[in-house]
Amino acid sequence: AQSVTQLDSQVPVFEEAPVELRCNYSSSVSVYLFWYVQYPNQGLQLLLKYLSGSTLVKGINGFEAEFNKSQTSFHLRKPSVHISDTAEYFCAVSDQNDYKLSFGAGTTVTVRA
Amino acid sequence: NAGVMQNPRHLVRRRGQEARLRCSPMKGHSHVYWYRQLPEEGLKFMVYLQKENIIDESGMPKERFSAEFPKEGPSILRIQQVVRGDSAAYFCASSPIGQSLPWAQHFGDGTRLSIL
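Given the structure is predicted, the values throughout are model-derived calculations rather than measurements.

## Examining the pairing of strand β11 (residues 111-115) of chain B
Residues and elements named next belong to chain B. The buried fraction of β11 is high, at 4 of 5 residues. As paired elements, strand β2 (residues 10-13) and β11 share 4 bridges and run parallel to each other. By the bridge assignment, H10 is partnered in β11 with R112. Looking at chain direction, strand β9 (residues 88-96) and β11 are connected through 3 bridges and run antiparallel. Looking at β11, one finds that A89 is bridged to R112.

Structural data, given as structure tokens:
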């Protein structure tokens, strides 16, 4: 069984500033890691995923994340945010032999002008 | 190319009533997954179905909850005798035939269930 901890529940940020959303996970087996975005009253959209290989993963909308196995972390970053990035962001993990996703509690990002 | 369709988007029920949530997967998808998002929490897996088969219901509460995915029509998540604690957002995801992979799951917009 895995668990996912998102360390910040709310992150306010000014437009064009950088943002980092922190995610730590625990698992007894090898995992795949994901970040999803949820805009108000919508479903989840996959931002990026780490399956294997390079620990730096680039996703859509200018987001990237870095897998750190020793720290069991998968933090999400964007160098310059837009107002349209205001949303809730979920970190998720799955066992490499499983289809079930386990999600963190989410981080609400509010971008202000 | 329509995505995963869930209806209703919002559902209000009184305690003791039944709630029926519907999910139509994307065209060409034969795997359906239901997740529940309780307030202030992340989504949690409930059940995985293929046409006419429940593959994994390890995340379903033992009582009052059931799910089906008939040969024809949408998948249904049914909650009998609802209680306040059932208030949540219920998300459906689907994936293509032969791809029960986590990243292949496409999510619907969810049904927000409120229990009065």
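## Points about the pattern of salt bridges
Applying the stated criterion across every chain yields a total of 12 salt bridges over all chains. A salt bridge links K44 of chain B to E41 of chain B, with the shortest nitrogen-to-oxygen separation between them at 3.4 Å. Residues joined by salt bridges that share partners form a network here, namely E20, E66 and R77 of chain A.

## Quick notes on the interface of chain B and chain A
Taken together, the 22 residues of chain B in the interface contact 20 residues of chain A. Both sides of the chain B and chain A interface together cover about 1700 Å² of buried area, and 61% of this is carbon and sulfur. Inspection of the chain B/chain A interface yields 1 salt bridge. Among the ionic pairs, D56 of chain B bridges to K100 of chain A, the shortest N-O distance being 3.1 Å. Of all the secondary-structure elements, those providing two or more residues to the side of chain B that touches chain A are β4 (29-37) and β5 (43-50) of chain B. Grouping the constituent residues of the side of chain B that touches chain A by class yields 9 nonpolar, 7 polar and 6 charged.

## Let's talk about the sheet that holds strand β8 (residues 75-79) of chain B
Residue and element names in this part refer to chain B. Ordered in space as β1-β3-β8-β7, the 4 strands form an open sheet in which the pairing is antiparallel. Two strands in the sheet have a free side with no partner beyond their single neighbour: β1 (5-7) and β7 (65-68). Going from strand to strand, the sheet's axes swing by 15° on average, the running direction of each strand aside. Two elements, strand β3 (residues 19-24) and β8, share 5 bridges in a ladder whose sense is antiparallel. Among the inter-strand pairings, A19 is bridged to a residue of β8, identified as I79.

## Focus on the state of the cysteines
Overall, the coordinates contain 2 disulfides over all chains when judged by the stated rule. With its sulfur 2.0 Å from that of its partner, C23 of chain A forms a disulfide with C91 of chain A. Measuring handedness by torsion sign, the sulfur bridge of C23 of chain A and C91 of chain A sits at about -70° and is left-handed. Taken together, the residues C23 of chain A in strand β4 (residues 23-26) and C91 of chain A in strand β10 (residues 87-95) connect sequence positions 68 residues apart. Classification of C23 of chain A by relative accessible area gives buried; the value is 0%. By relative accessible area, C91 of chain A is classed as buried at 1%. Paired through a disulfide, C23 of chain B and C92 of chain B show a sulfur-sulfur distance of 1.8 Å. Disulfide C23 of chain B-C92 of chain B: the torsion about the S-S bond is -55°, which places it as left-handed. With a gap of 69 residues between them, C23 of chain B in strand β3 and C92 of chain B in strand β9 connect regions that are remote in the sequence.

Conventions used here
- Residues numbered from 1 in each chain as written.
- Chains lettered and ligands numbered in written order.
- Predicted model: local features only at pLDDT ≥ 70, side-chain atom pairs only at ≥ 80, totals over all residues.
- Heavy atoms only, no water.
- Buried < 20%, exposed > 50% of the residue type's maximum accessible area, 1.4 Å probe, protein only.
- Helix = DSSP H or I, 4+ residues; strand = E, 2+ residues; numbered from the N terminus.
- Pairing = 2+ DSSP bridges.
- Salt bridge = Lys/Arg side-chain N within 4 Å of Asp/Glu carboxyl O.
- Contact = heavy atoms within 4.5 Å.
- Buried area = accessible area lost by both parts, 1.4 Å probe.
- Nonpolar A, V, L, I, M, F, W, Y, C, P; charged D, E, K, R; others polar.
- Axes fitted to C-alpha atoms, helices over the stretch in contact; angles between N-to-C directions.
- Disulfide = S-S within 2.5 Å.

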